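Understanding the architecture of this molecule
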Amino acid sequence: MVYLKRTQKIQQAINRYNELSQSNSEVKEASRDMKLDKDENKVSHKTLLAIYKTLKNHDMTDENLLSLMRGTEVYIPPKPQPPSKSKEYLEYMEKLRIDLQEREYQELLHNKPDSIKNDEYISFSQEAKIVKEQLSAILNILLSTVSVGWAFWYWSASSIPNLSLASRTLLSMLGAAIVLIAEVFIYSRYKSKVDTAKQVERKKREKKTVLNTYEFTGDQVTQEKQSEKPSNLRKRK
């Protein structure tokens, strides 16, 4: 339902309607559901239309509906006030804020930066080395493909002199394609195994073990304990 703000003309029409309802039982019966309190600063569009029709039927107004509604606006109710916060609530929120700040401070003290913790961090020199290896692999594959294609072209010209140009071209392209597929497959398998080996090596935990213990007494050196060197230790380079 659309509500309109009460202007001076609308309030005057409502007052005349209230006066009419006191002397007319039919109008009084209809006005019970309209809630036309004087303290209200709004009126529904449906109620205003009913008031206008009633006043018009009883010859109590000379204005039309547009003139009566001139100057009014759509009524927008004010936002409800938020409930006041209790003292206990404010103290509890302050305690949570202090705990959160303390937790963040402790994390800054004890945790290392992500660049140090991340085992997969790649420096600029390592990235340049990887790019160089990939470019070298691509050039080697292209060189092998072109060489095999040229070899098939030369072989078909010397061994099969009556072979047509289209057949020689097709034979050269077929040989080059076979070598290209084989080179790419072998290189992909190689890279996959290297990456897998790096991941396995990265997951290994370095263990430190005391192999020998010596006791120095004056000019004498006494070996107290000797343990066998474990075979599964990861060596540091």
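Every chain is numbered on its own, with residues counted from 1 as its sequence reads. The predicted origin of the model limits local features to residues at a pLDDT of at least 70 and limits the giving and counting of side-chain atom pairs to 80 or more, whereas totals for whole chains, interfaces and linings rest on all residues. Side-chain descriptors were evaluated using all non-hydrogen atoms of the structure, hydrogens and water having been removed beforehand.

The next subject is the packing of helix 7 (residues 124-159) against helix 8 (residues 165-203). Put simply, helix 7 and helix 8 touch, their axes get as near as 8 Å, and they point 150° apart. Looking at the two axes, helix 7 sits roughly antiparallel to helix 8. Our pair here, helix 7 against helix 8, has a crossing hand that is right-handed. Helix axes are fitted to C-alpha atoms over the stretch in contact, other axes to C-alpha atoms as well, and angles between N-to-C directions run from 0 to 180 degrees. Going along the chain from the N terminus, every DSSP run of H or I of four or more residues is numbered as a helix, and every run of E of two or more is numbered as a strand. Put simply, angles under 35 degrees are roughly parallel, angles over 145 are roughly antiparallel, angles from 65 to 115 are roughly perpendicular, and the rest are oblique. By the definition used in this description, the sense in which the near helix is turned from the far one sets the handedness, with an anticlockwise turn below a right angle giving left-handed and a clockwise turn giving right-handed.

Multiply 1.5 Å by the residue count of a helix minus one, and that product is the helix's expected span. The terminal C-alpha atoms of helix 8, which comprises 39 residues, lie 57 Å apart, in line with the 57 Å expected from a rise of 1.5 Å per residue. Those residues of helix 8 lying buried are Arg-168, Ser-172, Gly-175 and Ala-176. Lining the buried residues of helix 8 we find helix 7. Throughout this description, buried means an accessible area under 20% of the type-specific maximum (1.4 Å probe, protein chains only), exposed means over 50%, and partly exposed covers the range between. We call two residues in contact whenever any of their non-hydrogen atoms come within 4.5 Å of each other.

The next subject is the side chain of Ser-44. Position of Ser-44 among the secondary structure elements: in strand 2 (residues 42-44). For this analysis, a polar contact is any N or O atom pair within 3.5 Å, provided that within protein one partner can donate a hydrogen and the other can accept it, and provided that sequence-adjacent residues contribute only side-chain to side-chain pairs. Of note is the side chain of Ser-44, whose polar atom sits 2.6 Å from the side chain of Thr-47. With residues near it in sequence (within four places) discarded, Ser-44 still touches Met-1, Val-2 and Tyr-3.

Per the UniProt entry, the sites bearing "transmembrane region" (unreviewed entry) are residues 137-157 and 169-188 in this numbering. Across residues 137-157, the secondary structure splits into 100% helix and 0% strand, with the terminal C-alpha atoms separated by 30 Å. In the segment residues 169-188, helix accounts for 100% and strand for 0%; the C-alpha atoms at its two ends are 28 Å apart. UniProt positions are given in the numbering used here, feature names are shortened, and annotations may be inferred rather than shown by experiment.

So, on to the packing of helix 1 (residues 8-23) against helix 3 (residues 45-57). Where helix 1 meets helix 3, the axes come as close as 10 Å, and the angle between the chain directions of the two elements is 60°. Between helix 1 and helix 3, the angle is such that the two are oblique. At the point where helix 1 passes helix 3, the crossing takes the left-handed sense. Facing helix 1, whose interface residues are Ile-10, Ala-13, Ile-14, Arg-16, Tyr-17 and Leu-20, helix 3 presents Leu-48, Ile-51, Thr-54 and Leu-55. Residue polarity follows a fixed list, in which Ala, Val, Leu, Ile, Met, Phe, Trp, Tyr, Cys and Pro are nonpolar, Asp, Glu, Lys and Arg are charged, and the others, Gly among them, are polar. In terms of residue class, the contact of helix 1 with helix 3 is made up of eight nonpolar, one polar and one charged.

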